[in-house]
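The primary structure of each chain is shown beneath.
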Amino acid sequence: MAELAWLQAVCGGLFGLLVGSFLNVVIHRLPKMMERQWVVDYADMAGQDAPAPALGEKFNLAVPRSRCPHCGHQIRWFENIPILSYLFLRGRCAACKAPIGLRYPTVELVTGLLFAWCVWHGGWSWGAAAWCFFAATLVALALIDWDTTLLPDDLTLPLLWAGLIASLLGWTGAALPDAVWGAVGGYLSLWLVYWVFKLATGKEGMGYGDFKLFAALGAWFGWQALVPVILMASVIGAVVGVALKLGRSLREGGVVPFGPFLALAGITAMIFGPQAILRAVGL
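Residues numbered from 1 in each chain as written. Predicted model: local features only at pLDDT ≥ 70, side-chain atom pairs only at ≥ 80, totals over all residues. Heavy atoms only, no water.

Draft legend 1. Inspection of the overall build of the protein chain at higher detail. In terms of regular secondary structure, the protein chain is built from 10 helices and zero strands. Reading the protein chain from its N end, one meets helices and strands in the order α-α-α-α-α-α-α-α-α-α. Against the globule reference of 19 Å for 283 residues, the protein chain gives a C-alpha radius of gyration of 20 Å, in line with a compact fold. Dimensions of the protein chain along its principal axes, counting C-alpha atoms only, are 60 × 55 × 40 Å. Across the 283 residues in the protein chain, those meeting the buried criterion constitute 43%. The long-range share in the protein chain, meaning contacts at least 24 apart out of those at least 6 apart in sequence, stands at 68%. Element-wise, carbon and sulfur atoms account for 68% of the exposed surface of the protein chain, whose accessible area totals about 15900 Å². Charge-centre separation for the protein chain: the mean point of 18 positive side chains lies 10 Å from the mean point of 16 negative side chains. (Helix = DSSP H or I, 4+ residues; strand = E, 2+ residues; numbered from the N terminus. Rg over C-alpha atoms; globule rule 2.2 N^0.38 Å. Buried < 20%, exposed > 50% of the residue type's maximum accessible area, 1.4 Å probe, protein only. Contact = heavy atoms within 4.5 Å. Areas by Shrake-Rupley, 256 points an atom, 1.4 Å probe, with all protein chains shown as cover. Lys, Arg positive; Asp, Glu negative; His and termini not counted. Charge placed at Lys NZ, Arg CZ, Asp CG, Glu CD.)

Draft legend 2. Just the confidence of the model for the protein chain, in detail. Considering every residue of the protein chain, the mean pLDDT works out to 89; 92% of them sit at 70 or more. Highest mean pLDDT in the protein chain belongs to helix H5 (residues 153-168) (97); lowest belongs to helix H10 (residues 274-280) (73). (pLDDT = per-residue confidence, 0-100.)

Draft legend 3. Inspection of the environment of Ser-66 at higher detail. Of note, Ser-66 is situated in the loop between helix H1 (2-45) and helix H2 (84-88). On the basis of relative accessible area, Ser-66 is assigned to the partly exposed category, the value being 30%. Residues Ser-66 and Trp-77 lie 11 residues apart in sequence; the distance between their C-alpha atoms is 10.0 Å. Look past the residues within four positions of Ser-66 in its chain and what remains in contact with it is Val-25, Arg-29, His-73, Gln-74 and Ile-75.

Draft legend 4. Region of the structure containing the side chain of Asn-24. Mapped onto the secondary structure, Asn-24 falls in helix H1. Here Asn-24 falls in the buried class, since its relative accessible area comes to 7%. At 3.1 Å, the side chain of Asn-24 forms a polar contact with the backbone oxygen of Tyr-104. With residues near it in sequence (within four places) discarded, Asn-24 still touches Arg-103, Tyr-104, Val-107 and Glu-108. (Polar contact = N/O pair within 3.5 Å; in protein donor to acceptor, adjacent residues only side chain to side chain.)

Draft legend 5. Highlighting the pattern of salt bridges. Enumeration according to the criterion identifies four salt bridges in this entry. Across the pair Glu-79 and Arg-76 runs a salt bridge whose closest N-O atoms are separated by 2.3 Å. Judged by its relative accessible area of 37%, Arg-76 falls in the partly exposed class. As a salt-bridge pair, Lys-198 and Glu-204 come within 3.5 Å of each other at their nearest N and O atoms. (Salt bridge = Lys/Arg side-chain N within 4 Å of Asp/Glu carboxyl O.)

Draft legend 6. Here's a closer look at the packing of aromatic side chains. On inspection of all chains with the given rule, the structure shows 15 aromatic pairs. By the ring-pair criterion, three or more aromatic residues cluster together here, those being Tyr-187, Tyr-194, Trp-195, Tyr-208 and Phe-211. (Phe/Tyr/Trp six-rings, centres within 6.5 Å; stacked < 30°, edge-to-face > 60°.)

Draft legend 7. Quick look at the nonpolar core. The biggest cluster of nonpolar side chains holds 57 residues, and the ones touching the most others in it are Phe-134, Leu-138 and Phe-221. Looking at this core, the elements that each hand over two or more residues are H1, helix H3 (103-122), helix H4 (126-148), H5, helix H6 (176-201), helix H7 (208-221), helix H8 (226-246) and helix H9 (259-272). Residue contacts for Phe-221: discarding those within four places in its chain leaves Trp-131, Phe-134, Ala-174, Gly-266, Ala-269, Met-270 and Pro-274. (Core = buried A, V, L, I, M, F, W, Y, C linked by side-chain atoms within 4.5 Å.)

Draft legend 8. Structural detail: the packing of H4 against H7. Two elements in contact, H4 and H7, have axes separated by 13 Å at closest approach and are oriented at 160°. In terms of orientation, H4 and H7 fall into the roughly antiparallel class. You can see that H4 and H7 cross each other, and the crossing is left-handed. Contacts between H4 and H7 involve Ala-130, Trp-131, Phe-133, Phe-134, Leu-138, Leu-141 and Asp-145 from the former and Asp-210, Leu-213, Leu-217, Trp-220 and Phe-221 from the latter. Across the contact of H4 with H7, the residue classes break down as 10 nonpolar, no polar and two charged. (Axes fitted to C-alpha atoms, helices over the stretch in contact; angles between N-to-C directions. Parallel < 35°, antiparallel > 145°, perpendicular 65-115°, else oblique. Left-handed = near helix turned anticlockwise from the far one by under 90°. Nonpolar A, V, L, I, M, F, W, Y, C, P; charged D, E, K, R; others polar.)

Draft legend 9. How the structure looks around H5. Across its 16 residues, H5 extends 22 Å between first and last C-alpha, which sits within 8% of the 22 Å expected from 1.5 Å per residue. Buried within H5 are the following residues: Leu-155, Thr-156, Leu-159, Leu-160, Gly-163, Leu-164, Ala-166 and Ser-167. End-on view of H5: buried residues confined to an arc of 165°, all on one side of the axis. In H5, the exposed positions angled more than 90 degrees off the buried face are occupied by Asp-154, Trp-161 and Leu-168. Backbone geometry just downstream of H5 places Gly-170 in the positive-phi region, at approximately 80°. (Expected span 1.5 Å × (residues − 1). Arc of directions from axis to C-beta.)

Draft legend 10. A look at the packing of H8 against H9. Taken N-terminus to C-terminus, the directions of H8 and H9 make an angle of 130°; their axes are 8 Å apart at the nearest point. The orientation of H8 with respect to H9, classified from their angle, is oblique. Pair H8 / H9 crosses with right-handed handedness. Contacts between H8 and H9 involve Val-229, Ile-230, Met-232, Ala-233, Ile-236, Gly-237 and Val-240 from the former and Phe-261, Leu-262, Leu-264, Ala-265, Thr-268 and Ala-269 from the latter. Of the residues belonging to the contact of H8 with H9, the class tally is 11 nonpolar, two polar and no charged.

Right, here's the structure in full:
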């Protein structure tokens, strides 16, 4: 049985590497797709023709094919094998030899490890598949938010509904009433924090995407997990924020998105359980 579990985990991990490669596309292209759509929508509301760049080359998650951002070299299939291609090319474009960011193989490796963990604990089951979806979505959301301070509804809302459906089907360990109240409590708690902060300072401390992401985590783990998850996200966020400030690495405006820390807390809760977070801080 142990050999079968290892084989399943390895297969799950290999599939995760492929999903991680796709996540790199999602992380890069989805915000650009949103920006294009915003331009088209704004022009439509203003009764104007959309600018040519927004209506130019078809651009989505499938087309155009991936290219080197430096020289435009079209990535061939054997240059796009997760991890292996990066190692074979020594982290450089096959055409112009420009460096390829370390993030690409890192996303692939992290996603592969998370998938392997899900399959190791859940075997070949719908429950394991649900948690793989959960992990992959959080990886994408964390990096999109870090890059752009955006948490797309195209990811947060499916994650929320998937959590409720998975709870209904008994795949998450959270009873459906707990999942529903977790979603409600997750959204309303950050919504209240947002308005208290805004009324007190006149500034927006977070975006609505954070409400939806926290609601999604509540749907997956139940309302009982809200306190440990937000506690861990806040502590990690504070530590990273201080480190960035001391290192003078804060982006313009001093903005540190909260979504990546919520996502990290969600993945930690998936691996160790929400209550382990409280035990780790002595509560």
